[in-house]
Amino acid sequence: NHTLLTEFVLSGLSSRPELQHLLFFTICFVYSMTLIGNLLICMVTVHPTLHTPMYFFLRVLSFLDISTASVVVPKMLVSILSEDRSISYLGCVTQLYCVVFLAATEWFLLAAMAYDRYVAVCRPLRYPAVMSTRACLSLVLLSCCGGKVVSVVQTAWVFTLSLCGPRRINYFFCDIPPLVLLSCTDTSRYERQLVSATVLVIFTPFCLILLSYTCILSSILRISSAESRHKAFSTCSSHLTVVTLYCASGTLIYLQPKSSNSQEAKKILALVYTTVIPTLNPLIYSLRNKEVKEVLIRGM
């Protein structure tokens, strides 16, 4: 006879009182950099000289990064300050849904961005026709639809489990692995389903990205101009860096959802996934880009 949970308590990143102020100011700084960097990209890429599919996708990616950090970080900062780390059942459902939706959408968008680079490098003459405004909007819409399907299915699966305690979640936000640990029923079927979903959402786009970049690399090596090769490599390396960071952290978090021994490591990976990577994206993608720098220097 178990009492079903109606409220949860998030343990946070650390329970050590002497670290709370340091964590607060560090995370607050990183979150501020996330907002500033990504908002800057959103504003800069609307400049007429940057009206290309690549910068359109970057603008959407920046919006997703802001949203991902905003779903997780403000609640975490409030919890550190007030020491009230409780979250309602509905709040936990909403947070999990949003996190999964944004993460899955971003993965599908990264695959769309790889396709954009493939067309730009391997089919340059057909690029304007293939990557039209309508095609770009369709790819973003499909990414969002895919993210919505994944988030609805995963959230429904998690909260149909009997979450009976303890009500303390050893995490700093509501995510799949710590919630599965609260179940008092057999979760083996769900864990198999989660592995399948992880393969679908992470490895399928990753394989498509690798295929795109294999073709891109082959085309780049045939370019005679060293300057053109360098520019193509620079653009592609930025995208591959972000893809690698997402793939490594996402895979390690979700492939072993009920491994309590690795919860502390998963917390660090989740912090990287939800807080650090959104801060790095503007630097990796755009703020070191020559065209973006020129727009910033001219004051937009």
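Before reading on, note that the structure itself is shown above.
From a predicted model like this one, the values you see are computed outputs, not experimental measurements. (Residues numbered from 1 in each chain as written. Predicted model: local features only at pLDDT ≥ 70, side-chain atom pairs only at ≥ 80, totals over all residues. Heavy atoms only, no water.)

Caption draft 1: Just the overall build of the protein, in detail. Check the secondary structure of the protein and you find 10 helices and 3 strands. Of the regular secondary structure in the protein, the N- to C-terminal order runs β-α-α-β-α-α-α-β-α-α-α-α-α. Residues counted as buried form 48% of the 300 residues belonging to the protein. Nonlocal contacts in the protein, meaning residues at least 24 apart in sequence, comprise 80% of its contacts between residues at least 6 apart. If you sum the accessible surface of the protein, you get close to 14,700 Å²; carbon and sulfur atoms cover 67% of it. (Helix = DSSP H or I, 4+ residues; strand = E, 2+ residues; numbered from the N terminus. Buried < 20%, exposed > 50% of the residue type's maximum accessible area, 1.4 Å probe, protein only. Contact = heavy atoms within 4.5 Å. Areas by Shrake-Rupley, 256 points an atom, 1.4 Å probe, with all protein chains shown as cover.)

Caption draft 2: Highlighting the side chain of glutamate 106. Tracing the sequence through the fold places glutamate 106 in helix α3 (residues 89-122). Buried charged residue glutamate 106 carries no salt bridge. Nearest counter-charge: arginine 59, at 15 Å. (Lys, Arg positive; Asp, Glu negative; His and termini not counted. Salt bridge = Lys/Arg side-chain N within 4 Å of Asp/Glu carboxyl O.)

Caption draft 3: Region of the structure containing the pattern of salt bridges. In this structure the tally under the stated criterion is 1 salt bridge. The residue aspartate 116 makes a salt bridge to arginine 117 at a minimum N-O spacing of 3.0 Å. We classify aspartate 116 as buried; its relative accessible area is 1%. Using a relative accessible area of 13% as the deciding quantity, one classes arginine 117 as buried.

Caption draft 4: Expanded view of the environment of tyrosine 118. Within the element layout of this structure, tyrosine 118 appears in helix α3. Not counting residues up to four positions away in its chain, the partners in contact with tyrosine 118 are Arg123, Ser212, Cys215 and Ile216.

Caption draft 5: Here's a closer look at the packing of helix α2 (residues 53-82) against helix α5 (residues 133-160). Here α2 crosses α5 at 25°, and the two axes come no closer than 10 Å. Taken together, the axes of α2 and α5 are roughly parallel relative to one another. Where α2 crosses over α5, the two elements pack in a sense that is right-handed. Across the interface between the two elements, Pro53, Phe56, Phe57 and Val60 from α2 touch Cys136, Leu137, Leu139 and Val140 from α5. Looking at the contact of α2 with α5, its residues break down into 8 nonpolar, no polar and no charged. (Axes fitted to C-alpha atoms, helices over the stretch in contact; angles between N-to-C directions. Parallel < 35°, antiparallel > 145°, perpendicular 65-115°, else oblique. Left-handed = near helix turned anticlockwise from the far one by under 90°. Nonpolar A, V, L, I, M, F, W, Y, C, P; charged D, E, K, R; others polar.)

Caption draft 6: Quick peek at the pairing of strand β1 (residues 7-10). Here β1 pairs with strand β2 (residues 86-88) via 3 bridges, running antiparallel. Residue pairing in the sheet places phenylalanine 8 in a bridge with isoleucine 87 of β2. In the sheet, β1 pairs with strand β3 (residues 168-169) via 2 bridges, with the strands oriented parallel. Looking across to β3, one finds that leucine 10 is bridged to isoleucine 169. (Pairing = 2+ DSSP bridges.)

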